[in-house]
Amino acid sequence: MELRTLSIYSETYNELLSGIRVSQFMKTKQPSNVTVNDVSSTVVPPVDNAEFQKKSCSFCKVEFQDILSQRQHYKLDWHRYNLKLNLKQRKPITEEDFTTKADEDDVSSISGSETESEDDSEPSTVVKGADDIGDLITRRMRMIFENSKGNYLSFSRCWLTDKKDQLQSDLELITTVKKLPHCSQIFVVMLGGGHFAASIFKKNEVIQHKTFHSYTVRAKQGGSQSMKDNKQSASKSAGASLRRYNERSLMQHVQEILANWSKDIAACHFIFIRAVGPNNQSILFSGKQASLQKTDARIRKIPFPTRRATFNETRRVHSLLTSIDVYESETVFQNKFLGWSLKADLEFEIKEKPAVKPPKAKPFNKSKPATLEDSISKSVAQLDIKSDNSEQLSGTENLELSSSEVTTVEQGDKKKVRKKKKKKPEKEPESEPEPHILNFRVNILTSCASGNVDSLREILDSKEDNISGEEVVVAMNQMTTDNLTLLQFAAKNSFNEMVYLILLNGGDPCAKNAKSMTAYDFATEKETRNVFRRFMGDYPDRYDYSKSHIPSALTDDAKERQKAVKKAKRMREKERKKADEPRRNEIAEQKRFLQLDDREKRALAAERRIQASLGKSGKDLVLLRCYRCAINITGKVPFHYENFNFCSMQCLKEHRQSNQSSSNEISR
């Protein structure tokens, strides 16, 4: 097995650490042996800063006499090569060393050439030196160690340092690597795009985890709402208000979770964070009682790209961080580690090469249109040029090109052939109908417009023999001045007999207007709609009624069923009212009793007691009669006048008049 992956919590991890040391490919900081005298002896005399900046190159460490020489230097491949070395954090080389490398073909072209062929872009098989591998290790954020067995161990750099350029001494690095299995509790938190995921691991087991999502990112446009508000005026839309509210709730929710986990977080040995942008970082580190502090030495950034923040992603990140790559030997390490680098560099160089732009097409000159002979000669010339450049074309093929059918656009060595769209054949104008057919159509239209059913029936019965059935159908489907068919016009005006007659003679019930309304949709009265349904029942196969919006056919059987349904409904209603009558009587009696005064209520109670003692109903017992007409008013509310009770106002008036007449006679 040449390459294997191993967890730092496995049992075989300690066996690999026997005789471990920092690899020769690593660039670690060693204690400096330079003394003060050595430093003082290498002091450069002071120079004018302004003059030095104008006439020197800080990358190549050279000075110039004038500005022109400096500008010429910036165009040299030597200067570009030193720029690339500076990006790799390496020392620049002198012009003599660069010339030697260029003569030995050890340096590829810096500026590139427009005449390079595709064969020149093949990857070089030259093995890079220790400095190149060290730069590659730094870019990948890895740390390489060797053990006594000759194995090479690749660790993630974030375990050993929290900064990219800061490295400890070899002894400190080895001590940290040996302590990694004891760093069992790790906190992984990811935040971005409104997605939050956090997990606390005890070795390979999860002891706490939480994930949720809030709508904070603007759809399609991207970016949080607060960033957009900072760049321009705040939007007042409903979506913007919702995103602002979700951002505040997201911060509150995350901080509550971190506060609840504060004890577990304090026990963690390392904290790995992925929070891109100031907004996401402020959620984790801001607040009066923030659980995380930027100055915490345990905090590390996740050194590789991650996906959306989910629980599974936190587990994947933990698995990658706690894994180390074990190479069996130095040869395996260089082949595996450096082989990937060659492939990556090749892809990078290919991306850097500018793409060859196709020649721009000449603008079309409208003032001088090309003739047919010019286009044919141009096409033939293009074919001749292509046949000279390519020997694979056979001379037996016959190609025919026409400028009216094919337009060629040349891009490099390729041609795109675009066919023009064929014009649809124009419809021939309809010939005018004969006079007797035109007269027949006018008469039909006039009768329908006036609503005269008898006239329409007479015209149809007395039509001439030379008018076919097709002409009758055409006449019945002609349009009125309101852009309606005759059937739609008759249905809209509730001409019921005319609707049935038009349907019988070919009027199409499926014809629709611009609003997709059929003749049935124009019918406003129920009887008119029943005419359509009745015709559908009489002639079920005459039209395709599924497109006419007519719900169902109305036949005699359907009418009988409707009558039976209505009769059953009336009977059910009658029975319901009869069953509900005692309840309604009780409600009426309660309302009447509540309207009585206290004296009447006591009198009514006395009546009920007398009826109960005599064992008689209210109809048999007479307790009160009208003083004038002697009608039984027991159980009713009488009209009171002085000490008398009357059944009506008429009796009360007659009693008063009789009293007045008797008093007048006594006075005389």
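Every value quoted in this text rests on a predicted model; they were computed, and no experiment measured them. (Residues numbered from 1 in each chain as written. Predicted model: local features only at pLDDT ≥ 70, side-chain atom pairs only at ≥ 80, totals over all residues. Heavy atoms only, no water.)

*Asks:* Before we go on, may I ask you to explain the overall build of the protein chain in this structure?
*Replies:* Regarding its fold elements, the protein chain presents 25 helices and 16 strands. A total of 668 residues make up the protein chain; the buried ones form 29% of that total. (Helix = DSSP H or I, 4+ residues; strand = E, 2+ residues; numbered from the N terminus. Buried < 20%, exposed > 50% of the residue type's maximum accessible area, 1.4 Å probe, protein only.)

*Asks:* Would you take a moment to explain the sheet that holds strand β1 (residues 3-7) for this structure?
*Replies:* One key point about sheets: their strands pair by backbone hydrogen bonds, in either a parallel or an antiparallel sense. Judged by pairing direction, the sheet is antiparallel, and its 5 strands sit side by side in the order β1-β12-β6-β5-β2 without closing on themselves. Single-partner strands in this sheet number two, and they are β1 and β2 (21-22). Sheet topology places β2 next to strand β5 (residues 142-146); 2 bridges connect them, and they run antiparallel. The residue of β5 that forms the bridge with Arg21 is Glu146. (Pairing = 2+ DSSP bridges.)

*Asks:* So what exactly am I meant to see when it comes to the packing of helix α16 (residues 435-450) against helix α18 (residues 469-476) here?
*Replies:* Two numbers describe a pair of packed helices, the interaxial angle and the distance between the axes. The geometry of α16 relative to α18 is characterised by a closest axis approach of 9 Å and an angle of 40° between their N-to-C directions. Relative to α18, α16 is oriented oblique. Pair α16 / α18 crosses with right-handed handedness. Taken together, the residues of α18 that come into contact with α16 (itself represented by Ile437, Phe440, Arg441 and Ile444) are Glu471, Val472, Val474, Ala475 and Met476. Residue composition of the contact of α16 with α18, by class: 7 nonpolar, no polar and 2 charged. (Axes fitted to C-alpha atoms, helices over the stretch in contact; angles between N-to-C directions. Parallel < 35°, antiparallel > 145°, perpendicular 65-115°, else oblique. Left-handed = near helix turned anticlockwise from the far one by under 90°. Contact = heavy atoms within 4.5 Å. Nonpolar A, V, L, I, M, F, W, Y, C, P; charged D, E, K, R; others polar.)

*Asks:* Got a minute to help me understand the pattern of salt bridges in this structure?
*Replies:* As a working rule, side chains carrying opposite charge can pair if their charged atoms are close by. Enumeration over the complete set of coordinates arrives at 14 salt bridges. For the salt bridge of Arg21 with Glu146, the shortest nitrogen-to-oxygen distance reads 2.9 Å. Highlighted residues: Arg21 in strand β2 and Glu146 in strand β5, separated in sequence by 125 residues. A residue is classified by how much of its surface remains accessible, and Arg21, at 42% relative accessible area, is partly exposed. We note a salt bridge from Asp580 to Arg583, for which the minimum N-O separation is 2.6 Å. (Salt bridge = Lys/Arg side-chain N within 4 Å of Asp/Glu carboxyl O.)

*Asks:* Looking at this model, I keep getting lost on the nonpolar core. Mind explaining?
*Replies:* One recurring pattern in soluble globular proteins is that nonpolar side chains are buried together. Residues Phe145, Phe155, Trp159 and Phe272 are the most contacted members of the largest nonpolar core, which totals 42 residues. Residues within four places of Phe145 in sequence aside, it is in contact with Ile20, Arg21, Val22, Ser23, Asn151, Tyr152, Leu153, Phe155, Leu160, Leu173, Ile174 and Val177. (Core = buried A, V, L, I, M, F, W, Y, C linked by side-chain atoms within 4.5 Å.)

*Asks:* I keep staring at the pairing of strand β9 (residues 205-213) and nothing clicks. Help me out?
*Replies:* Every regular strand shows the same layout, with side chains that alternate between the two sheet faces. As paired elements, strand β8 (residues 195-202) and β9 share 8 bridges and run antiparallel to each other. Within β9, the residue paired with Phe196 across the bridge is Phe212. Where β8 folds back on β9, the antiparallel hairpin that results is connected by 2 residues, among which Lys203 adopts a positive phi of roughly 60°.

*Asks:* Please explain unusual backbone geometry as it appears in this structure.
*Replies:* Trans peptide bonds make up the majority, and among non-glycine residues the majority have a negative phi. Phi is positive for Ser494, which is not a glycine, with a value near 60°. Tracing the chain through its elements places Ser494 in the loop between α19 (486-492) and α20 (496-504). One non-glycine residue, Ser516, adopts positive backbone phi at about 60°.

*Asks:* What is the right way to read the side chain of Asn147 from this model?
*Replies:* Here Asn147 is to be found in the loop between β5 and β6 (152-156). Judged by relative accessible area, Asn147 falls into the buried class, the value being 2%. A distance of 2.7 Å separates the side chain of Asn147 from the backbone nitrogen of Asn151, its partner in a polar contact. Residues within four places of Asn147 in sequence aside, it is in contact with Leu16, Ser18, Gly19, Ile20 and Arg21. (Polar contact = N/O pair within 3.5 Å; in protein donor to acceptor, adjacent residues only side chain to side chain.)

*Asks:* Honestly, the UniProt feature "active site" (unreviewed entry) in the protein chain in this entry has me stumped. Any pointers?
*Replies:* In this numbering, the UniProt entry assigns the feature "active site" (unreviewed entry) to Gln225. Residue position: Gln225 is located in helix α9 (residues 225-231). Judged by relative accessible area, Gln225 falls into the buried class, the value being 1%. Apart from the residues lying within four places of it in its own chain, the contact partners of Gln225 are Thr216, Arg218, Ser235, Ala240, Arg243, Arg244 and Glu247. (UniProt positions renumbered as here; feature names shortened; annotations may be inferred.)

*Asks:* Looking at this structure, I do not really get helix α17 (residues 453-461). What am I missing?
*Replies:* Note that an α-helix has 3.6 residues per turn; residues three or four places apart therefore point the same way. Every buried residue of α17 is listed here: Val453, Leu456, Ile459 and Leu460. Each buried residue of α17 lies within a common arc of 125° when the element is viewed along its axis, so the set occupies one face. Those residues of α17 that are exposed and aimed more than 90 degrees away from the buried face are Asp454, Glu458 and Asp461. The elements touched by buried residues of α17 are α16, α18 and α20. The distance from a side-chain oxygen at the start of α17 to the backbone nitrogen of Asp454 is 3.3 Å, and the residue carrying that oxygen is Asn452. (Arc of directions from axis to C-beta.)

*Asks:* What exactly am I supposed to notice about a nonpolar patch on the surface here?
*Replies:* A cluster of nonpolar residues, Tyr215, Leu242 and Tyr245, forms a patch on the protein surface that exposes about 310 Å² of accessible area. Relative to the helices and strands, Leu242 resides in helix α10 (residues 238-260). (Patch = residues over 30% accessible without salt bridge, like charges linked within 9 Å, V, L, I, M, F, W, Y side chains within 5 Å. Areas by Shrake-Rupley, 256 points an atom, 1.4 Å probe, with all protein chains shown as cover.)

*Asks:* Would you mind going over the packing of aromatic side chains with me for this structure?
*Replies:* Any pair of aromatic rings gets described here by the distance separating the centres and the angle formed by the planes. The full count for this structure, using the stated rule, is 16 aromatic pairs. Ring centres 5.1 Å apart and planes at 85° place the aromatic pair Trp159 and Phe270 in the edge-to-face group. Residue Trp159 is found in the loop between β6 and α8 (170-179), and its partner Phe270 is found in strand β10 (residues 270-275); the two are separated by 111 residues along the sequence. Taken as a pair, Trp159 and Phe270 share a single burial class, namely buried. Where Phe535 meets Tyr543, the ring centres are 6.3 Å apart and the plane angle is 35°; that geometry is what we call tilted. In this structure, Phe535 and Tyr543 share a single accessibility class: buried. Through a chain of ring-to-ring contacts, the aromatic side chains of Tyr500, Phe535, Tyr539, Tyr543 and Tyr545 assemble into a single cluster. (Phe/Tyr/Trp six-rings, centres within 6.5 Å; stacked < 30°, edge-to-face > 60°.)

*Asks:* Can you help me understand helix α25 (residues 649-667) in this one?
*Replies:* Over its 19 residues, α25 extends 27 Å from the first C-alpha to the last, a length consistent with the 27 Å expected when each residue adds 1.5 Å. Taken together, the buried positions of α25 are Cys651, Leu652 and His655. One face of α25 carries all of its buried residues, which in axial projection span an arc of 100°. Seen from the buried face of α25, the exposed residues on the opposite side, beyond 90 degrees, are Gln657, Glu665 and Ser667. Against the buried residues of α25 lie β15 (639-641) and β16 (644-646). (Expected span 1.5 Å × (residues − 1).)

*Asks:* Just checking my understanding: could you explain a positive patch on the surface for this structure?
*Replies:* Residues Lys526, Lys566, Lys567 and Arg570 make up a contiguous surface patch of positive charge. Broken down by element, the positive patch gets its largest block of residues, 3 residues, from helix α23 (residues 556-594). Counting through the fold element by element, Lys526 comes out in helix α22 (residues 526-538). (Lys, Arg positive; Asp, Glu negative; His and termini not counted. Charge placed at Lys NZ, Arg CZ, Asp CG, Glu CD.)

*Asks:* Is there a simple way to think about the side chain of Asn82 in this case?
*Replies:* As for its placement among the helices and strands, Asn82 is situated in helix α5 (residues 77-87). The buried category is assigned to Asn82, whose relative accessible area is 2%. Those residues in contact with Asn82, other than ones at most four positions away along the chain, are Phe59, Cys60, Pro92 and Ile93.

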